[in-house]
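Listed below are the residues making up each chain.
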Amino acid sequence: METTKTASPTTNQLGYARNDYVGAKSTLCSGCGHDSITNNLISALFQSSVNPYQVAKMSGIGCSSKTTAYFLEKSHGFNSIHGRMAPIATGAYAVNSQLLSIGVSGDGDTASIGMGGFVHLVRRNVPIVYIIENNGVYGLTKGQFSATADEGSTLKSGEINHFHSIDLCALAIELGCGFVARSFSGDAKQLVPLLRAAFEHNGTAIIDVLSPCITFANHEGSTRSYDATKEHNFPLHELGFVSAKEEIHVDYEEGTVLPVTLHDGSILNLKKIDGREHDPRDAKKALDLLYTSRHKQEFVTGLLYFNPDVTEFKQALELTEKPLSHLPTEGLRPSKEELSKINATFK
Amino acid sequence: MLENISITIGTVNGSGSQSANVILQRAIFRMGVAVVGKNLFPSNIAGLPTWFIIRANTKGYSSIEPKSDIVVALNPQTANEDLQHLKPHGLYIYNSSVKLTRPIPEGCTAVSIDFTKLAGQVVESIKIKKLLTNMVYVGVLCEILGIPQDIINTTISDQFSGKDNVIDMNQKAVQSGREYARQIPELNTSKKLSPSDLNKNKILIDGNTAAALGSVFAGCTFASWYPITPSSSLAENFEMYAHCLLKDDNQKNKFAMVQAEDELSAVCMVAGAGWAGARAMTATSGPGISLMSEAAGLMYFAEIPGVIWNVQRAGPSTGLPTRTMQGDILSTSQLSHGDTRHVMLFPASPCECFDFATRAFNLAEELQTLVFVLSDLDLGMNHWTCKDLNYPTEPIRRGKILNKEALDKVSEFRRYADVDGDGIPYRTLPGTEHPHAGYFTRGTGHNDAAKYSEDPTTFEKLLDRLNKKWNTAKTMVPAPDIDKRTDKVGLVTYGSTHSMIAELRDKLAAQNVECSTLRIKAYPFTEEVRQFIDGHEKIFVLEQNRDGQMLKLLAMEYPYLAGKMKSVLKYDGWPVRAESFVEGVLHGNH
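Residues numbered from 1 in each chain as written. Chains lettered and ligands numbered in written order. Predicted model: local features only at pLDDT ≥ 70, side-chain atom pairs only at ≥ 80, totals over all residues. Heavy atoms only, no water.

(A) Region of interest: the sheet that holds strand β20 (residues 538-543) of chain B. Residues and elements named next belong to chain B. Spatial ordering of the open sheet is given by β16-β18-β17-β20-β21, a layout of five strands whose pairing is mixed. Looking at strand neighbours, the two that pair on one side only are β16 (481-483) and β21 (565-569), the edges of this open sheet. Neighbouring strand axes in the sheet, compared pairwise and without regard to direction, differ in orientation by 20° on average. Its contacts with the sheet put helix α17 (residues 527-534) on β16, β17 (489-494), β18 (516-520), β20 and β21, and the angle it makes with β18 is roughly 150°. Here helix α19 (residues 579-588) sits on the sheet and contacts β17, β20 and β21; the angle it forms with β20, its principal contact strand, is near 160°. (Pairing = 2+ DSSP bridges. Helix = DSSP H or I, 4+ residues; strand = E, 2+ residues; numbered from the N terminus. Axes fitted to C-alpha atoms, helices over the stretch in contact; angles between N-to-C directions. Contact = heavy atoms within 4.5 Å.)

And the structure:
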């Protein structure tokens, strides 16, 4: 299991230690990619000084969905039913938009049973950090193919996947999502800044994290084994997150870094690697990149697409400032006079 | 004085007859006459047969009759069949374009009217002429029934408020029909309604609108839905009234309304919103209920409040989407797998749809569970004469919620601990700034601290506590309405079936069968229900479904009383009629 240690002080701006962000002990297989994601998530939450009392941890059903129990012990969590994280998170957000919604789902939970809810959550631009822990198999039911399994990949039994895989990032871009990223569970340097940037995005942030299943998809022939993923991982940039709260000034050489400014003023710096060119502000190019890389059997990782100007769900609902869940009971019921007026219209 | 009259109007759907029929019904209502109107419409937008049945009755009978005193036949497709709807000595008014192939029943009167020509006297446009044809028959009926012109005129101007030209044309069309009818001796009958002030404190309203208003006044701030007949107007009306009544000083919404991608999502949004602390609901019908099954189990098991309006329609499957039934009693009561059970309320009038909204939301939060309100198409979509909507006397009760200050006073918080011994635990809302507030909601087995557990004793204990909560619910749900007159025969009804009970009882009394009545308002059943069944020799459970679903639920609850209960059923999709139940009760009473 990989952990990210920060060189910074042992407590963050809220006075919490990293340990305040952990949860129950993981019961996943030893060496599971999901545990690395959990660890990176804990680091990101700690580094960003997220208030644990203002987080809603959302998940569906599956190995990935279990992981919401493994971080932020103090927060409210909702491990729901298979494929329904998206609409449940939508309802929760609509009535309390002050909560930072962190959703953890899997490829089965999102790309098969929960596909309907997923696409509509993205379409509505419900603010949520939507993490897909993607391994191409159903782990908890012992290793069947999921809809994100690559064509030609094999199961342990030798069974070949004949079906086209669903690329959730390409789909999210197509659906108008303003924050679409792909990462690798083991790449803390990439995943932590991506998560921190996602926390500050005002809308749906999709992070599809390749997370090898070491029990059911780590064999020769699986395109998602740890080695295969590592070998075909193609990072687009080196990422650096600069929090608006911290006011850190970073020097960089002109033209080598593309700064992406987030909703709260934080910046995600995208530093070029070996002269690779990808501007995440261009949806067409992002889709083209995903299309090309699929055919080259490469996993391009990093911030694929970014657009801060998508109408956020709360704006679309024209909601009042105070969360609906916290409106005082006394003010909920309209007056007697209003009802008298209404009665008169049915005379 | 005319005591009872029924009118059937046969038209083509999409022809604009709906608004004409509603105007006619409202004008009768404004005369002070108790009136019911049933719209028998097809699952179609335009071109298929539709009927509107109006009944005015001085005894307040609020269901329709199988046959009518007056039949207006405007639809050539059904005009001949519509002769069957005539009572003996009935009046048959038909469009002159109709070719009658059947004889007029003996003793009945037939009058042919060229409605199109009369409408043509008001307007030249062919399209508008077609719409105005409907107002011409309204005019003819106004003359026959003695509806004053000023009443019909104001009803029209209220209906088309702000559109002066439309008001003028419609009023003229009515006038033209009325003047024509005045000259026809056969139409000069004794079928005049007598005005009264009996409707002074009454309104004419459909159940879905009343339910929507009730939900607004119950403090509901979140609604999600997926369009489905016959529940759509409930959600749409909620949105409309919420926009009028739930705004902040900046005209921002103090409510959220989401049209979901399907019923799976609609109910899950309710689960999310209820969990996060708002009063949340959805409205649906049979097929939607089936899709909501899994989430219903989650909400029962994870103890999340929410309200589902089930406006029932005729099933199974797609069934008859525009016809009524009480077919979801059993499936809703145990919706979802495992030992799941749900609280259900059964309103019997639009007024009660309004009242039960507050009850439903209070029960949902106090019991921390899903509450279903079972309405139906007849109740939900037809207009009923009922009492003014009463401002709720029941305060908004949020149940056992621990906020930050309350948490400060307790040494620990265990989400599913039965602290009070009533089976109802305490909950906290996400966003509560307290180290003890957080807990992990799950549909998996859990201990009282909400931690995952597969321990056999813990699981049994959890199911037993939920059962204890169920028993607590029996003391909280509304008790039945009982009218005890005998200890021999008891009639049990619920929901829209109850609308024919006064008439049925009179009909049975005429056959020397005196009956007590009980109207069930809720499931689980309260002690009064058991006592009533126990206290009568024979019990007839009257329902609108094939399988006697409420009887089965009663028999499951009181197996030792099952032997004395009999079903009398009608399930043809039409609004309930007293006649349908007379034979069944008489036969069963032998």
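(B) Structural view of the interface of chain B and chain A. Contacts between chain B and chain A engage 74 residues on the former and 55 residues on the latter. Summing the contributions of chain B and of chain A, the shared interface buries around 5200 Å²; its carbon and sulfur component is 63%. Broken down residue by residue, the surface that chain B buries against chain A is led by W275(B), Y391(B) and F440(B), which jointly contribute 13%. At the boundary of chain B and chain A, one finds three salt bridges. One salt bridge connects D388(B) with K347(A), and the closest N-O pair in it is separated by 2.7 Å. For the interface between chain B and chain A, the tally reads 28 residue pairs in polar contact (both at pLDDT 80 or more). (Buried area = accessible area lost by both parts, 1.4 Å probe. Salt bridge = Lys/Arg side-chain N within 4 Å of Asp/Glu carboxyl O. Polar contact = N/O pair within 3.5 Å; in protein donor to acceptor, adjacent residues only side chain to side chain.)

(C) Inspection of the layout of surface pockets at higher detail. Counted as a void, the largest pocket has a volume near 1100 Å³. Of all the elements in the fold, those that place two or more residues in the lining of the largest pocket are α2 (63-66) of chain A together with α10 (293-302), β15 (440-442) and α15 (456-473) of chain B. For the lining of the largest pocket, the element with the highest residue contribution is α10(B), accounting for five residues. In the lining of the largest pocket, the residues fall into 19 nonpolar, 16 polar and 12 charged. Taken domain by domain, the makeup of the lining of the largest pocket includes at least three residues from each of domain 2 (205-387) and domain 3 (400-478) of chain B. (1 Å grid on protein atoms, 1.4 Å probe; cavity = no way out; pocket = protein on both sides within 12 Å on 5 of 7 lines; lining within 4 Å. Points joined across faces, edges and corners; volume = space filled by probe spheres on them. Nonpolar A, V, L, I, M, F, W, Y, C, P; charged D, E, K, R; others polar. Domains from an automatic or database assignment.)

(D) The pairing of β18(B), seen in detail. Residue and element names in this part refer to chain B. Of all five residues that make up β18, five are buried, and the element is covered over most of its length. Neither face of β18 is left uncovered, since the one carrying S516, L518 and I520 and the one carrying T517 and R519 both have all their residues buried. Note that β16 and β18 share three bridges and pair antiparallel. Counted as the bridge partner of D481 is R519 from β18. For the crossover that starts at β17, traverses helix α16 (residues 501-510) and ends in the parallel β18, the hand is right-handed. (Buried < 20%, exposed > 50% of the residue type's maximum accessible area, 1.4 Å probe, protein only. Right-handed = clockwise from strand over helix to strand, strands pointing away.)

(E) Representation of the pairing of strand β8 (residues 204-210) of chain A in the model. Residue and element names in this part refer to chain A. By the criterion of burial, β8 is predominantly enclosed, with seven of the seven residues buried. Going residue by residue along β8, you find T204, I206, D208 and L210 tucked away on one face and A205, I207 and V209 tucked away on the opposite face as well. Bridging between strand β4 (residues 128-134) and β8 involves seven bridges; their strand directions are parallel. Paired with I128 across the bridge in β8 is T204. The sheet contact formed by strand β7 (residues 179-184) and β8 spans six bridges and is parallel.

(F) The environment of A314(B), seen in detail. In this structure, A314(B) sits in the loop between β11 (306-312) and α11 (329-333). Spatially, the C-alpha atom of A314(B) lies 39 Å from that of L429(B), the residues being 115 residues apart in sequence.

(G) Quick peek at α17(B). Residue and element names in this part refer to chain B. Every buried residue of α17 is listed here: V529, F532 and I533. One face of α17 carries all of its buried residues, which in axial projection span an arc of 95°. Looking at the packing, one finds that the buried side of α17 touches β16, β17, β18, β20, α18 (549-557) and β21. (Arc of directions from axis to C-beta.)

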